[in-house]
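# Per-entry structural report
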Amino acid sequence: MDAADMGSKLEKVLVTEEEIRTRLAELAEQIWEDYKDKDVLLVGVLKGAVMVMADLMRALPGTVPMDWMAISSYGSGTKSSGVVRIVMDLRTDITDKHVLIVEDIIDSGLTLSWIKANLESRKPASVEIMTLLRKPDVVKVDIPVKYVGFDIPNEFVVGYGLDYAEKYRNLRVVGTLAPEVYS
């Protein structure tokens with residue numbers, strides 16, 4: 001879905017499709033260089049990271065395995081509930097593997113901190129984080145992020161995998177909804 005298809009529902013575009021593709025290509029190059037001689041596994045966090053994972057993997061110059069986790073902490077609102085639960089776990093044994101968590105966005109960092117701790121308890125060689133978007137003004141826990149696509153303001157965003165009540169994930173840009181959509 002293009003931004004024009006949203007009409008008045010889209011208030012503004014924060015990151016364009018071209019900016020996303022360019023940045024993911026840069027990150028893929030850096031990731032490939034960092035992990036090319038290691039037993040690495042990309043772990044996507046469903047559902048939001050689907051677009052990021054797909055385009056990141058297409059930008060890598062070689063093959064890298066992936067697996068998925070589904071975590072619930074939002075429900076259908078615009079703020080995290082604070083309760084984290086695994087809806088779908090990894091199918092891959094990550095013992096001694098270098099795990100790179102691929103995320104769509106980091107808000108407070110609370111959910112991601114929980115995911116990282118959970119994965120570290122499984123005895124991998126390392127656990128690092130890559131995120132397309134980060135809201136540095138609202139981070140509540142100090143969590144090191146090795147690869148960041150874009151720092152964005154503290155606004156509720158949709159598009160490129162990010163949703164509001166399971167809508168707008170297929171928007172090719174990252175933008176803010178008009179307040180009347182969710183108020």
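These notes cover the structure that comes with them. Please read all numbers here as calculations on a predicted model, not as lab measurements.

### Section: the overall build of the protein
Looking only at helices and strands, the protein features 5 helices and 9 strands. Going residue by residue from the N terminus, the α and β elements of the protein occur as α-β-α-β-α-β-β-β-α-β-β-β-β-α. Over its C-alpha trace the protein gives a radius of gyration of 16 Å, about what one expects of a compact globule, namely 16 Å for 183 residues. Dimensions of the protein, computed from C-alpha atoms along their principal axes, come out at roughly 50 × 35 × 30 Å.

### A short note on the environment of Thr16
With respect to the helices, strands and loops of the structure, Thr16 is situated in the loop between strand E1 (10–15) and helix H2 (17–35). The partly exposed category is assigned to Thr16, whose relative accessible area is 33%. Distance from Thr16 to Asp96, taken between C-alpha atoms, is 37 Å for residues 80 residues apart in sequence.

### Considerations on the sheet that holds strand E9 (residues 174–177)
Ordered in space as E1-E9-E8, the 3 strands form an open sheet in which the pairing is antiparallel. Among the strands making up the open sheet, the edge pair consists of E1 and strand E8 (157–158). Two strands pair when backbone bridges link them, and E8 and E9 are joined in this way by 2 bridges, in the antiparallel orientation. Bridge pairing in E9 links Val157 to Thr176.

### Points about the packing of H2 against helix H3 (residues 50–59)
Orientation of H2 relative to H3, taken along the N-to-C sense of each, is 60°, at an axis distance of 8 Å. One finds that H2 runs oblique with respect to H3. Here the hand of the crossing between H2 and H3 comes out right-handed. Between H2, through Leu24, Ala25, Ala28 and Ile31, and H3, the contact on the second element is made entirely by Val52, Asp55, Leu56 and Ala59. Classifying every residue of the contact of H2 with H3 gives 7 nonpolar, no polar and 1 charged.

### Describing the sheet that holds strand E3 (residues 66–72)
To summarise the sheet geometry, strands pair through backbone hydrogen bonds and adopt either a parallel or an antiparallel arrangement. The 6 strands lie next to each other as E4-E3-E2-E5-E6-E7, forming an open sheet whose pairing is mixed. The open sheet has two edge strands, strand E4 (85–88) and strand E7 (147–151), and neither has a second partner. The sheet shows a mean angle of 30° between the axes of neighbouring strands, taken without regard to direction. Sheet analysis places strand E2 (residues 40–46) next to E3, joined by 5 bridges and oriented parallel. Bridged to Val45 within E3 is Met69.

### Thoughts on unusual backbone geometry
Here Leu46 and Lys47 are connected by a cis peptide whose omega angle stands at 0°. With respect to the helices, strands and loops of the structure, Lys47 is situated in the loop between E2 and H3. The backbone phi angle of Tyr168 is positive, close to 75°, even though this residue is not glycine. Topologically, Tyr168 is positioned in the loop between E8 and E9. Under the relative-accessibility criterion, Tyr168 is labelled buried at 11%.

### Topic: the pattern of salt bridges
It is possible for side chains of opposite charge to pair when their charged atoms get near one another. Counting across every chain of the model gives 15 salt bridges. As a salt-bridge pair, Asp34 and Lys146 come within 4.0 Å of each other at their nearest N and O atoms. Linking Asp34 in helix H2 with Lys146 in the loop between strand E6 (126–134) and E7, this pair joins segments that are 112 residues apart in sequence. On the accessibility criterion, Asp34 (28% relative accessible area) is partly exposed. We note a salt bridge from Lys116 to Glu120, for which the minimum N-O separation is 2.7 Å.

Definitions and limits used
Residues numbered from 1 in each chain as written. Predicted model: local features only at pLDDT ≥ 70, side-chain atom pairs only at ≥ 80, totals over all residues. Heavy atoms only, no water. Helix = DSSP H or I, 4+ residues; strand = E, 2+ residues; numbered from the N terminus. Rg over C-alpha atoms; globule rule 2.2 N^0.38 Å. Buried < 20%, exposed > 50% of the residue type's maximum accessible area, 1.4 Å probe, protein only. Pairing = 2+ DSSP bridges. Axes fitted to C-alpha atoms, helices over the stretch in contact; angles between N-to-C directions. Parallel < 35°, antiparallel > 145°, perpendicular 65-115°, else oblique. Left-handed = near helix turned anticlockwise from the far one by under 90°. Contact = heavy atoms within 4.5 Å. Nonpolar A, V, L, I, M, F, W, Y, C, P; charged D, E, K, R; others polar. Salt bridge = Lys/Arg side-chain N within 4 Å of Asp/Glu carboxyl O.

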